[in-house]
Amino acid sequence: MVPDYPSLDAQRLYYDERWTAESETTPLMEERRQCILDAVRLCGLSKPAILDLGCGTGWLDEDLNGLGKVTGIDLSVDGIAKAQARFPEVRFVAGNILEMEIPQGFDVVVSQEVIEHLPDQAQYVRQAAAALPVGGKLILTTPNRPVAEIEHKARVVKYGPSALQPIENLLSRDELLALL
């Protein structure tokens, strides 16, 4: 049975409102930022071309731009406008990642906490792969469903706005590996 997902317009409206209101990073986001930057550095590439899929307000892209040339894509027109105003040296594009023609020729694709909010995760992986040459690097973060469920039940983790996400399809490690 295929889930009844909110319309694309409803999803865009959610993210436009969220990115307009959200201006601070959380400690978890800061920790993730450092891990992603370290992972890009470990790729050993000199000034890589980096694609940030689902970049939101571009909060990570200023730092990524210090490592290479960055392009950020997000569904939210408002998020992209905020990102472009904050970081004019980065190229930002508003669009539906699942349906748009993804630019190619990137050395690294970064995807943080995005795949679990999409109705077609396999298409998302295909789009990320299309942006990369053979040997390109995908740096992807997503909650691990079994761990998130345990933590949520134990009330160890406060999810904040993610509890209100229009689509929430958490993956297990094995499900993610099967997609990749």
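Throughout what follows, the structure given in this document is the object of discussion.

The rules behind these values
Residues numbered from 1 in each chain as written. Predicted model: local features only at pLDDT ≥ 70, side-chain atom pairs only at ≥ 80, totals over all residues. Heavy atoms only, no water. Helix = DSSP H or I, 4+ residues; strand = E, 2+ residues; numbered from the N terminus. Buried < 20%, exposed > 50% of the residue type's maximum accessible area, 1.4 Å probe, protein only. Contact = heavy atoms within 4.5 Å. Salt bridge = Lys/Arg side-chain N within 4 Å of Asp/Glu carboxyl O. Pairing = 2+ DSSP bridges. Right-handed = clockwise from strand over helix to strand, strands pointing away. Axes fitted to C-alpha atoms, helices over the stretch in contact; angles between N-to-C directions. Disulfide = S-S within 2.5 Å.

### Details of the environment of K82
Tracing the backbone shows K82 in helix 4 (residues 77-86). Taking relative accessible area as the criterion, K82 reaches 23% and is therefore assigned partly exposed. In this view, K82 contacts W19, T20, E22, S23 and T57; residues no more than four positions away in its chain are not counted.

### Here we look at the pattern of salt bridges
A side chain of one charge can pair with a side chain of the opposite charge when the charged atoms of the two come close. With the rule as written, the count across this model stands at 6 salt bridges. In this structure, D9 engages R12 in a salt bridge whose closest nitrogen and oxygen atoms are separated by 3.1 Å. One end of the pair, D9, and the other, R12, are both in helix 1 (residues 8-21), 3 residues apart, so they sit about a helical turn from each other. For D9, a relative accessible area of 56% translates into the label exposed. In this structure, E22 and R18 form a salt bridge, with 3.1 Å as the shortest nitrogen-oxygen distance. Residue classification places R18 among the buried residues on the basis of a relative accessible area of 18%.

### Some points on the pairing of strand 2 (residues 69-74)
Of all 6 residues in strand 2, 5 are buried, a share of seventy percent or more. Bridging between strand 1 (residues 49-53) and strand 2 involves 5 bridges; their strand directions are parallel. Counted as the bridge partner of L53 is I73 from strand 2. With 4 bridges joining them, strand 2 and strand 3 (residues 91-94) adopt parallel strand pairing. Residue T71 lies in a different strand from strand 3, and its bridge partner there is R91. For the crossover that starts at strand 2, traverses helix 4 and ends in the parallel strand 3, the hand is right-handed.

### A short note on the sheet that holds strand 1
As summarised here, the arrangement of the 5 strands in space is 3-2-1-4-5, forming an open sheet in which the pairing is parallel. Each edge of the sheet is formed by a strand with only one pairing partner; in this case those strands are strand 3 and strand 5 (137-141). Averaged over neighbouring strand pairs, the angle between their axes works out to 15° when direction is ignored.

### A short note on the state of the cysteines
Two cysteines joined by a covalent bond between their sulfur atoms form a disulfide. Evaluated as defined, the whole model comprises 0 disulfides. No disulfide involves C43; its nearest neighbouring cysteine sulfur is the one of C35, lying 14 Å away. Among the cysteines around C55, which has no disulfide bond, C43 carries the closest sulfur, lying 19 Å off. Look at C55 and you get buried, because its relative accessible area is 3%.

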